[in-house]
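Commentary on secondary and tertiary structure
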Amino acid sequence: MNTTNTSAIGTGSWRFPGWILIALMALLPALPWLVDLPRFGALQYNDYYGNIAQVIDKDRFTLDPLRWLGIKSNEHTVTIPTLLYALNFGLTGGDNRGLSLLAILLAAGSAFGVATMSARAFGWRLPATAMVAFAAAALLFTPVSVHSYLMGFSGAIWITTNALAVAAMVAATRVQRSDPAVWLLPVVGLGLLGAISYTTNLSLWPGLLVGGALAGLRRVQLAVLAAGAVLVGLGQWWFRTRPANHPQLQDQPGSIVEYLGIYLGWPFTEHLGTAVAIGLVGVGLFAVLTVLAIVARWRTGPQPMVAPFVMLAMYGLGNGLGTAFGRSGFGLGQATSSRYGSLAMLFWLGVIGLVVHAVLRLARALPPLPRAGVRLLPVAAIVLLTISTWQRGAGVRQHYYDQAAWSPVAAIALRHGIVEDEEVLKRVNNAPSQFRGLPWLERMQHVPFTTPRPLRHRVQVDPARLRERADPRVVGNFDGLTTVRADVGRVQAWAFSRDPRAVIGEVLLLDDQGLVRGELALGSPRDDVYRKVDRSQRYCGVRGYAFAGPETGLLRIWIRMVGEDHYSPLAGRHTLTALASR
């Protein structure tokens, strides 16, 4: 195998089609996410509201650049992600799925960058480079990292920061020893952008310096990188903050090591002890192979083949160490947060690259037949790692998909100002109190107010459209009505069609006079029905709100099938006692 330091991705007429093929291979593992994108929900999640509110003045974004540069999410500066939030607001009204799509594309771009660095390091031709792009993307798109894809606000932070870091590495590995030092300024620029995206980007700089030294950059070139590191470090130190609810920096070595092991190893197993072992084995592999590369650099000269993988691994490892120091006070279980998965995968991509380099060197000393077998070992390892992360991530993904299924119900709550119902709002926000005091959402026509529906409360439904008998194709029940506040009740029901050709298209809540008395949404999870009635109907829940009036009303849920004009009643009736007029 050719191991010269050339890109060798294609020549002549093959060059442009070659890049397209590599990009497509990097996108292929993203297809499950792209297909499921409509299920992610339009409503935004968690810290999004607190971040974007920092640059809202009444009903517009501020034009003060210092306000934008000073945006904080906990201790992190998040200027670039918030700019992306604003861009998404202009394009989609703030739809969460717009940011999710951006995160997916940026993750594919990171896999593309890893592939091009591998091609440049090993001199691989188009087929091998395309396969590297696919393998890298398969690890980056593991369901373990679902938080950063389903919750677009999070992907705009974590995946954007990672993509900027990978872009800086790609730019650094293309600089030769003979090039002017000024050619490293784009690397510094990408690092500066990363620094105002999230603090995790700080881990980029040690990798750039060590990787640059291994690649044989001159002292003046390394000085440019060092100056960038100092500039970013001073900026982060000057504007540092520590939220009051965060623990002090951890100073217990045992806790830090254990947390780091879980951080790196949990994507492959749910057993924390095994995760620690896997993570520490990875750290040990990285340390040994990096030391060997440094020794080889000292004895025989530059080692450009290992430089990009040392950068990747150091970036992931540095994030793990930084998180261990700052977050292990929350407990070891916090290391299994889904959003950390993308960083752990970048570490493993770096380690895999170092192992491949070592295997290739070993294979050169073996006879042809054993050499072929040795070269297959990294391939087998990559396949096993990828399979294990997708198996491990299945349950993680299901949890987040269940949470996303509540988005339409929470949107109803916000549209009607029902911020008291934390049972619903907490499912799309870990601090539902953030939904209080957000009048700018409606003033700016932000999701869920982008296409406000007319309030159908008390609208009379034509009695001729209401059938007396239930639809025999529909199974379900109106389970209950519970009070949220004086004039609002929470509706709980479920319904699904036994006929795959008949799809439920609309659900209405009507009183005994045929008046609309609330708003409902289909598709929330009902685990009890899923387990006891039909294993294919996990998302058959019907949820929403009933609005009280001056009179007592007997309420029923009515079902309309797609393509039909009439409504059929669902089993179950409940009375909404007269409490307050609306």
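The sections below set out a description of the structure shown in this document. Since this is a predicted model, take the numbers as computed values, not measurements.

What follows deals with the overall build of the protein. Tallying secondary structure elements over the protein gives 21 helices and 12 strands in all. Relative to the globule expectation of 25 Å for 582 residues, the C-alpha radius of gyration of the protein, 27 Å, shows essentially globular dimensions. Per-residue burial for the protein yields a buried fraction of 55% across its 582 residues. Each charge class in the protein was averaged separately, 52 positive and 33 negative side chains, and the resulting centres sit 13 Å apart.

Once that is clear, we can look at helix α15 (residues 307-327). Over its 21 residues, α15 runs 30 Å from end to end, which matches the ideal 30 Å to within 8%, given 1.5 Å per residue. Within α15, 17 of the 21 residues are buried, which leaves it mostly tucked inside the rest of the structure.

Okay, the pairing of strand β10 (residues 553-561) next. Counting buried positions along β10 yields eight of nine residues, so the element is predominantly enclosed. Across six bridges, the pairing between strand β7 (residues 504-510) and β10 is antiparallel. Residue pairing across strands places L510 opposite R556, the latter belonging to β10. In this sheet, strand β12 (residues 574-576) lies alongside β10 in antiparallel orientation, the contact comprising three bridges. Bridge pairing links L555 to H574 in β12. Taken together, the two bridges between β10 and strand β11 (residues 568-569) define a ladder with antiparallel strand orientation. Across the sheet, the residue bridging to W558 is P569, located in β11. Taking the residues that link successive antiparallel strands as the turn, the β10-β11 hairpin has six residues, and the phi of G563 there is positive, at about 85°.

Our focus in this paragraph is the packing of aromatic side chains. Counting across every chain of the model gives 18 aromatic pairs. When the ring centre of Y340 is taken as origin, the NZ or CZ atom of R339, which lies over that ring, is 5.1 Å away. The aromatic ring of Y530 is capped on one face by R535, whose charged end is 4.4 Å from the ring centroid.

All right, on to the layout of surface pockets then. Considered as a void within the structure, the second largest pocket measures approximately 640 Å³ in volume. Put simply, the parts of the chain that give the lining of the second largest pocket at least two residues each are α6 (96-122), α7 (126-140), α16 (341-364) and α17 (368-404). If one sorts the elements of the lining of the second largest pocket by residue count, α7 sits on top with eight residues. For the lining of the second largest pocket, the class distribution of residues is 23 nonpolar, three polar and one charged.

Our focus in this paragraph is empty space enclosed by the protein. Per the stated rule, a full pass over the model turns up two cavities of 30 Å³ or more. Considering only enclosed or pocket space, the largest cavity measures out at about 50 Å³ in volume. In terms of lining residues, the largest cavity is bounded by A107, S110, L140, Y149, I159, N162, S342 and L346. Where the lining of the largest cavity is concerned, the elements lending two or more residues are α6, α9 (152-173) and α16. Looking at the lining of the largest cavity, its residues break down into five nonpolar, three polar and no charged. As for the second largest cavity, its lining consists of W406, V409, E423, V424, R427, R490 and R543. Here the lining of the second largest cavity is composed, by residue class, of three nonpolar, no polar and four charged.

It is worth spelling out the environment of Y149 at this point. With respect to the helices and strands, Y149 occurs in helix α8 (residues 147-150). Separated by 49 residues in the primary sequence, Y149 and S100 have C-alpha atoms spaced 5.2 Å apart. For Y149, the contacting residues outside a window of four places in its chain are W33, F40, S100, A103, I104, A107, L140, F141 and I159.

A few words on the nonpolar core. Formed by 140 residues in total, the largest nonpolar core has its most connected members in F61, F141, L150, L264, F347 and Y545. Per element, the largest residue contribution to this core is 12 residues, and it comes from α16. Here F347 is in contact with L264, G282, V283, F286, L312, A313, G316 and L317, once residues within four sequence places are set aside. Residues V491, A493, L509 and I559 belong to the second largest nonpolar core, which totals 19 residues.

What follows deals with helix α14 (residues 272-300). Over its 29 residues, α14 runs 41 Å from end to end, which matches the ideal 42 Å to within 8%, given 1.5 Å per residue. Among the residues of α14, A275, V276, G279, G282, V283, F286, L289, T290, A293 and A296 are the ones counted as buried. Contact partners of the buried residues in α14: α11 (204-215), α13 (253-265), α15 and α16. Just downstream of α14 lies G301, where phi reads positive at about 120°.

Right, let's get into the pattern of salt bridges. Across all of its chains, the model carries 19 salt bridges by this definition. Note that R39 and D36 form a salt bridge whose closest N and O atoms lie 3.9 Å from each other. For R39, a relative accessible area of 40% translates into the label partly exposed. Residue classification places D36 among the buried positions, given a relative accessible area of 17%. When salt bridges with common partners are traced through the structure, they connect D402, D527 and R538 into a single cluster.

What counts, and at which threshold
Residues numbered from 1 in each chain as written. Predicted model: local features only at pLDDT ≥ 70, side-chain atom pairs only at ≥ 80, totals over all residues. Heavy atoms only, no water. Helix = DSSP H or I, 4+ residues; strand = E, 2+ residues; numbered from the N terminus. Rg over C-alpha atoms; globule rule 2.2 N^0.38 Å. Buried < 20%, exposed > 50% of the residue type's maximum accessible area, 1.4 Å probe, protein only. Lys, Arg positive; Asp, Glu negative; His and termini not counted. Charge placed at Lys NZ, Arg CZ, Asp CG, Glu CD. Expected span 1.5 Å × (residues − 1). Pairing = 2+ DSSP bridges. Phe/Tyr/Trp six-rings, centres within 6.5 Å; stacked < 30°, edge-to-face > 60°. Lys NZ or Arg CZ within 6 Å of the ring centre and 35° of its normal. 1 Å grid on protein atoms, 1.4 Å probe; cavity = no way out; pocket = protein on both sides within 12 Å on 5 of 7 lines; lining within 4 Å. Points joined across faces, edges and corners; volume = space filled by probe spheres on them. Nonpolar A, V, L, I, M, F, W, Y, C, P; charged D, E, K, R; others polar. Contact = heavy atoms within 4.5 Å. Core = buried A, V, L, I, M, F, W, Y, C linked by side-chain atoms within 4.5 Å. Salt bridge = Lys/Arg side-chain N within 4 Å of Asp/Glu carboxyl O.

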